[in-house]
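# Breakdown of the fold
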Amino acid sequence: MDLTMINDFPIYFAIGFVWLSFHALLILIAGLVMKAPLAYMAISSQCCIGGAASAPIVAMAFNRHLAPVAVMFSVFGYAWANYMVWICAELMRHVHP
């Protein structure tokens, strides 16, 4: 990984920063509204970003009994994302026929 490439393409770094900031803000707001513990917020964040491969590791850092829940949330997230991608593709098809 060459971190000097950030100087060549700063817009991609800025886009990634905005994307992750929006993700963190959304996780924090949802967690505070639901009064969820910080562990649940960390697990849900890792389910969204890392997926089923890394979410159980984060869950086991808090409690080993949360690992199956993290896998389940990740798999449901994958299923949900398939439908969201289809909807986005349909919306984009209507914008540019």
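Thresholds applied
Residues numbered from 1 in each chain as written. Predicted model: local features only at pLDDT ≥ 70, side-chain atom pairs only at ≥ 80, totals over all residues. Heavy atoms only, no water. Helix = DSSP H or I, 4+ residues; strand = E, 2+ residues; numbered from the N terminus. Expected span 1.5 Å × (residues − 1). Buried < 20%, exposed > 50% of the residue type's maximum accessible area, 1.4 Å probe, protein only. Polar contact = N/O pair within 3.5 Å; in protein donor to acceptor, adjacent residues only side chain to side chain. Contact = heavy atoms within 4.5 Å. Salt bridge = Lys/Arg side-chain N within 4 Å of Asp/Glu carboxyl O. 1 Å grid on protein atoms, 1.4 Å probe; cavity = no way out; pocket = protein on both sides within 12 Å on 5 of 7 lines; lining within 4 Å. Points joined across faces, edges and corners; volume = space filled by probe spheres on them. Nonpolar A, V, L, I, M, F, W, Y, C, P; charged D, E, K, R; others polar. Axes fitted to C-alpha atoms, helices over the stretch in contact; angles between N-to-C directions. Parallel < 35°, antiparallel > 145°, perpendicular 65-115°, else oblique. Left-handed = near helix turned anticlockwise from the far one by under 90°.

### Focus on the environment of Ala30
Looking at the secondary structure, you find Ala30 in helix H2 (residues 10-34). Each C-alpha atom, one on Ala30 and one on Met41, is 8.5 Å from the other, the two residues being eleven residues apart in sequence.

### Quick notes on helix H5 (residues 67-95)
For the α-helix, the turn length of 3.6 residues means that residues three or four positions removed from each other point alike. The terminal C-alpha atoms of H5 lie 41 Å apart, and with 29 residues this matches the ideal 42 Å at 1.5 Å per residue to within 8%. Looking at H5, one finds that the buried residues are Ala67, Ala70 and Ser74.

### Quick word on the side chain of Ser45
In this fold, Ser45 is placed in helix H3 (residues 38-49). Residue Ser45 is classed as buried on the basis of its relative accessible area, which comes to 19%. Within the structure, Ser45 has its side chain in polar contact with the side chain of His23 (distance 2.8 Å). Not counting residues up to four positions away in its chain, the partners in contact with Ser45 are His23 and Ile27.

### Regarding H2
If you check H2, its first and last C-alpha atoms are 36 Å apart, about what 25 residues at 1.5 Å a residue would give, namely 36 Å. Among the residues making up H2, those that are buried are His23, Ile27 and Gly31. Here the buried face of H2 lies against H3. A positive phi of about 55° marks Lys35, the residue just after H2.

### Regarding the pattern of salt bridges
Opposite charge on two side chains makes pairing possible when the charged atoms of those side chains draw close. One pass over the structure, following the stated rule, counts one salt bridge. Residue Glu90 pairs with Arg93 through a salt bridge whose shortest N-O separation is 2.6 Å. You can see Glu90 and its partner Arg93 sitting in helix H5, three residues apart, about one turn around the helix.

### Remarks on the layout of surface pockets
Volume-wise, the largest pocket comes out at about 460 Å³. Along the walls of the largest pocket sit 16 residues, with Ser44, Cys47, Cys48, Phe73 and Gly77 positioned nearest its centre. Listing elements by their share of the lining of the largest pocket, those giving two or more residues are H3 and H5. Ranked by the residues each element gives to the lining of the largest pocket, the list is headed by H5, at nine residues. Among the residues forming the lining of the largest pocket, the class breakdown is twelve nonpolar, four polar and no charged. Estimated volume of the second largest pocket: approximately 150 Å³. Residues that form the lining of the second largest pocket fall into these classes: five nonpolar, one polar and no charged.

### As for the packing of H2 against H3
Relative to each other, H2 and H3 sit at 140°, their axes nearing to 10 Å. The angle between H2 and H3 falls in the class oblique. Viewed along their axes, H2 and H3 form a crossing whose handedness is right-handed. Residues Leu20, His23, Ile27, Leu28 and Gly31 of H2 form the contact with H3, whose own contacting residues are Met41, Ser44, Ser45, Cys48 and Ile49.

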